[in-house]
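Results of the structural survey
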Amino acid sequence: MAKYEAKMKETDADVIEFIEAVDHPKKREDAYKLLKIFEQTSGYEAKMWGPSIIGFGTYHYKYASGHEGDAPLVGFSPRKAKHSLYIASGETTRDETLKRLGKYTAGKSCVYINKVEDINEDILKEMIRNAIAFIQKLYPNQ
């Protein structure tokens, strides 16, 4: 059986070049706002993960199934339809915090927003800090 190859890996691609390539000017402007929020709040430099995710920090995970890999602590991607915010879903206060975020939709591990002005930036910062603390507690010794 072939070893699983993670699709999402940290790359050497340039984050600013990626943001500059975002077609829609408002999406590009919001991507720069999110870049600043995530960098300042996380304390980590932005890195590209795969072709389209801007990640901050890294951790190594290993599931009971034996599957393991590396992932960013938090991140985002300026998608065509909405911005995808990658913020740990297992963090226990996430659902309560989301109620204070503003306009969003959420999936299992993503929060989707149309534009930054639809959300409370302070709540986003709180979510970023909480997610990082949760992951670092779950996967210590990183």
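Refer to the structure presented above.
Bear in mind that the values here come from a model prediction, so they are computed numbers and not experimental data.

**Quick word on the pattern of salt bridges**
Pairing between side chains becomes possible if they bear opposite charge and their charged atoms approach one another. With the rule as written, the count across this model stands at 8 salt bridges. Residue K62 is joined to E68 by a salt bridge in which the shortest nitrogen-to-oxygen separation is 3.7 Å. A salt bridge links R100 to E126, with the nearest nitrogen and oxygen atoms 2.8 Å apart. Of this pair, R100 sits in the loop between α3 (94-98) and β7 (105-106) while E126 sits in helix α4 (residues 121-138), placing them 26 residues apart in sequence.

**Describing the pairing of strand β2 (residues 53-56)**
Taking every second residue as pointing to the same face, both faces of β2 are buried, with I53 and G55 on one and I54 and F56 on the other. The antiparallel hairpin formed by strand β1 (residues 46-49) and β2 contains 3 residues in its connecting segment, where G50 sits at a positive phi of about 60°.

**Here's the deal with the packing of aromatic side chains**
Per the stated rule, a full pass over the model turns up 6 aromatic pairs. Aromatic pair F56 and F76: ring centres 6.2 Å apart, planes at 15°, arrangement stacked. Of this pair, F56 sits in strand β2 while F76 sits in strand β5 (residues 74-78), placing them 20 residues apart in sequence. The exposure class assigned to F56 is buried, which follows from its relative accessible area of 0%.

**Things to note about the side chain of H83**
Of note, H83 is situated in strand β6 (residues 83-86). Residues in contact with H83, not counting those within four places in the same chain, are K27, D30, A31, L34, S77, P78, V111, Y112, I113 and N114.

**Quick notes on helix α2 (residues 25-42)**
For α2, built from 18 residues, the straight-helix expectation of 26 Å at 1.5 Å per residue is met to within 8% by its first-to-last C-alpha distance of 25 Å. Turning to α2, its buried residues number three or more, namely K27, D30, A31, L34, L35, I37, F38, T41 and S42. Against the buried residues of α2 lie α1 (15-20), β1, β2, β5, β6 and α4. Two residues or fewer past α2, G43 is found with a positive phi of approximately 80°.

**Notes on the environment of N120**
On the secondary structure map, N120 appears in the loop between β8 (110-113) and α4. The partly exposed category is assigned to N120, whose relative accessible area is 35%. Note: C-alpha distance between N120 and R100 (20 residues apart in sequence) is 7.6 Å. Ignoring anything within four residues of it in the chain, the contact list for N120 reads R100 and L101.

**Considerations on the nonpolar core**
In this structure, F38, I54, F76, L85 and L124 are the most contacted members of the largest nonpolar core, which totals 35 residues. For this core, the elements supplying multiple residues, two or more each, are α1, α2, β1, β2, β3 (59-62), β5, β8 and α4. Considering every element that reaches this core, the biggest residue donor is α4, with 7 residues. For F76, the contacting residues outside a window of four places in its chain are A31, L34, L35, F38, S52, I53, I54, F56, S84, L85 and Y86.

Definitions and limits used
Residues numbered from 1 in each chain as written. Predicted model: local features only at pLDDT ≥ 70, side-chain atom pairs only at ≥ 80, totals over all residues. Heavy atoms only, no water. Salt bridge = Lys/Arg side-chain N within 4 Å of Asp/Glu carboxyl O. Helix = DSSP H or I, 4+ residues; strand = E, 2+ residues; numbered from the N terminus. Buried < 20%, exposed > 50% of the residue type's maximum accessible area, 1.4 Å probe, protein only. Pairing = 2+ DSSP bridges. Phe/Tyr/Trp six-rings, centres within 6.5 Å; stacked < 30°, edge-to-face > 60°. Contact = heavy atoms within 4.5 Å. Expected span 1.5 Å × (residues − 1). Core = buried A, V, L, I, M, F, W, Y, C linked by side-chain atoms within 4.5 Å.

Everything listed is a geometric property; what it means functionally is a separate question.
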